[in-house]
Amino acid sequence: MAEHERRHVRVAVIGSGFGGLGAAVRLRRQGITDFVVLERAGSVGGTWRDNSYPGCACDVPSHLYSFSFAPNPEWPRNFSGQPHIRAYLERVTDTFGLRPHLRFHSEVQSLRWDGAELHWEIETASGPLTAHVVVSATGPLSDPKLPGIPGLDTFPGKVWHSARWDHDYALRGKRLAVVGTGASAIQIVPAVQPDVERLTLFQRTPPWVLPRADRKISAAEKWLHTKLPATRAARRQLLWSIRELQVSAFTKRPDELGLLELLARNHMKKAVKDPALRDALTPGYRIGCKRILLSNTYYPALAQPNVDLVAAGLKEVRGSTLVGADGSETEADAIVFGTGFHVTDMPIAQRVTGAHGTTLAEEWKGGMESLRGTSAAGFPNFLTIIGPNTGLGNSSMILMIEAQLNYLADYLRQLDVLGGKIALSARPSAVQEWNRTIQRRMERTVWNTGGCDSWYLDANGRNTTVWPGTTGEFRKATRQVDLAEYEVLRPARTLADRTPGTAAEVAA
């Protein structure tokens, strides 16, 4: 049995990516050491551990895509690659003494709220434990999504998702099919194109692609940021301010995005001389409706003679023959799916059973909803980092994570002030009011009006993914817990009341 079998902790954190490690650092800075970080893999890093495909890099500048409390003056590039970001998270883990709290190979199999004991019963791959508070930091980009392509099981070659890259398979001289044209695909295609015999890209919807202002960060800059931390802080502040100023175009005045579309068209025209190919690569929706991508190498790679574009998506697989929706046929030795993740239907929601005996997935069948992106009604002392409507279309998710860490810290302070064994449960009315406001603001945004079908939208067509405002607004909204938005749960007073399955009292 695992050494933490039947162990009770004050806080259990699920996941060790930016959200989980950030939560762990915040707990230690609050003086809380009675916590564990449950990680299904054997190392930290989250999406930056799992996504190791060729060319993998971040599309947010490095000095903004890092914790404010753990600056890194040694970033090598404006936009750092996956190895450097993963190494950064390893350093954060060591710098803040988090390793004693990590429980690797401990995938959470189920969480169940015990209303009598006011704690969470947690089953993991390495044994059970209980926790007073659970912080779910599994992230929306953690579980790959594969489309149901008829006949895929008949394909004799190799098949994998971009987030589960098969590094043992040699691509040189192979006929490779890449399915999808999202953020991963536009990095994979130029990285592997020189090696493969033939590359066929299956595109359902073309993305808008802007130039990537990337370069090496000079030794002089690194020295300056190390010796004069104020210069590093100023750089971060400038990067943040520019993105905050852009928000209104995405959320209130999408027509102002026309200049970006012109820039993207000119960017394509410089690299793609074939008018027919340019037409196939030109989106028919407003820029920003889908995630805007950054690349200087994507279009040049598509213009190479060993690359074919099927601008109709993959419809069917017949053995080694891939059939496009336009009827075209392509022979392939391997297929890479860059088809995204379970974002609006996060698998962890199926494993969490709340106070009413229903799972979070069941409660969210009409669409994800939570209070301030953090607390779902009916799930006491359960907080989500990067929850519903906390995603961004133009800035760094680390800013949103840190705002939610502020909320987590105040949540725990409120429990301490209330004293004893206490739980907070988001009032349904507060959750509904918060989400009504979110959806009302969403109506004017480019994500809802831009004329596209994106992964921001759930199966019901609701945008339950993106935050319709600035990061500054979100930080203000999550600065502290408003107890009026919560029910305060206390243990039942009599032994008779404390029978299994009995809900705790609600304090008046």
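Here is a short report on the structure shown in this document. (Residues numbered from 1 in each chain as written. Predicted model: local features only at pLDDT ≥ 70, side-chain atom pairs only at ≥ 80, totals over all residues. Heavy atoms only, no water.)

A look at empty space enclosed by the protein
And then number 1: Per the stated rule, a full pass over the model turns up two cavities of 30 Å³ or more.
And then number 2: Lining the largest cavity are Glu244, Val247, Leu392, Gly393, Asn394, Ser395, Trp447, Trp467, Gly469, Thr470 and Thr471.
And then number 3: Estimates place the volume of the second largest cavity at around 40 Å³.
And then number 4: Along the lines of polarity and charge, the residues of the lining of the second largest cavity split into six nonpolar, three polar and no charged. (1 Å grid on protein atoms, 1.4 Å probe; cavity = no way out; pocket = protein on both sides within 12 Å on 5 of 7 lines; lining within 4 Å. Points joined across faces, edges and corners; volume = space filled by probe spheres on them. Nonpolar A, V, L, I, M, F, W, Y, C, P; charged D, E, K, R; others polar.)

Quick notes on a nonpolar patch on the surface
And then number 1: The grouping of Trp223, Leu224 and Leu228 at the surface amounts to a nonpolar patch, some 310 Å² of accessible area in total.
And then number 2: Structurally, leucine 224 can be placed in helix H5 (residues 219–227).
And then number 3: For leucine 224, a relative accessible area of 32% corresponds to the partly exposed category. (Patch = residues over 30% accessible without salt bridge, like charges linked within 9 Å, V, L, I, M, F, W, Y side chains within 5 Å. Areas by Shrake-Rupley, 256 points an atom, 1.4 Å probe, with all protein chains shown as cover. Salt bridge = Lys/Arg side-chain N within 4 Å of Asp/Glu carboxyl O. Helix = DSSP H or I, 4+ residues; strand = E, 2+ residues; numbered from the N terminus. Buried < 20%, exposed > 50% of the residue type's maximum accessible area, 1.4 Å probe, protein only.)

Here we look at the sheet that holds strand S16 (residues 334–337)
And then number 1: Ordered in space as S7-S16-S8-S9-S12, the five strands form an open sheet in which the pairing is parallel. Sheet topology places strand S7 (158–161) and strand S12 (307–310) at the edges, where each strand pairs with a single neighbour. Put simply, the sheet's adjacent strands are angled 15 degrees from each other on average, direction ignored.
And then number 2: Pairing of strand S8 (residues 175–179) with strand S9 (residues 198–202), which is carried by five bridges, proceeds in the parallel orientation. Looking across to S9, one finds that leucine 176 is bridged to leucine 199. (Pairing = 2+ DSSP bridges. Axes fitted to C-alpha atoms, helices over the stretch in contact; angles between N-to-C directions.)

Examining the sheet that holds strand S13 (residues 314–318)
And then number 1: A sheet is described by the order of its strands in space; here three strands give the open sequence S13-S14-S15, paired in antiparallel fashion. Looking at strand neighbours, the two that pair on one side only are S13 and strand S15 (329–331), the edges of this open sheet. Pairs of neighbouring strands in the sheet enclose a mean axial angle of 25 degrees, with direction left out of account.
And then number 2: Bridge count between strand S14 (residues 321–324) and S15: three bridges; the pairing is antiparallel. Bridge assignment links valine 323 to a residue of S15, and that residue is glutamate 329.

Overview of the packing of H5 against helix H6 (residues 229–251)
And then number 1: Running from amino to carboxyl end, H5 crosses H6 at an angle of 110 degrees, the nearest separation of the two axes being 4 Å. On the basis of the axis angle, H5 is roughly perpendicular to H6. Together, Glu221, Leu224, His225, Thr226 and Lys227 of H5 and Pro229, Thr231, Arg232 and Arg235 of H6 make up the contact between the two elements.
And then number 2: Residues belonging to the contact of H5 with H6 are distributed by class as follows: two nonpolar, three polar and four charged. (Parallel < 35°, antiparallel > 145°, perpendicular 65-115°, else oblique. Contact = heavy atoms within 4.5 Å.)

Regarding helix H3 (residues 82–95)
And then number 1: Taking 1.5 Å of rise per residue, 14 residues should cover 20 Å, and H3 covers 20 Å from first to last C-alpha, within 8% of that figure.
And then number 2: Residues of H3 that are buried include every one of Gln82, Ile85, Tyr88, Leu89, Val92 and Thr93, and no others. Within H3, the buried residues cover an arc of 140 degrees as seen down the axis, which keeps them to one side. In H3, the exposed positions angled more than 90 degrees off the buried face are occupied by Pro83 and Thr95.
And then number 3: Residues of H3 that are buried make contact with helix H1 (18–29), helix H2 (47–50) and strand S3 (102–103).
And then number 4: Glycine 97 occupies a position one or two residues after H3 and carries a positive phi of about 60 degrees. (Expected span 1.5 Å × (residues − 1). Arc of directions from axis to C-beta.)

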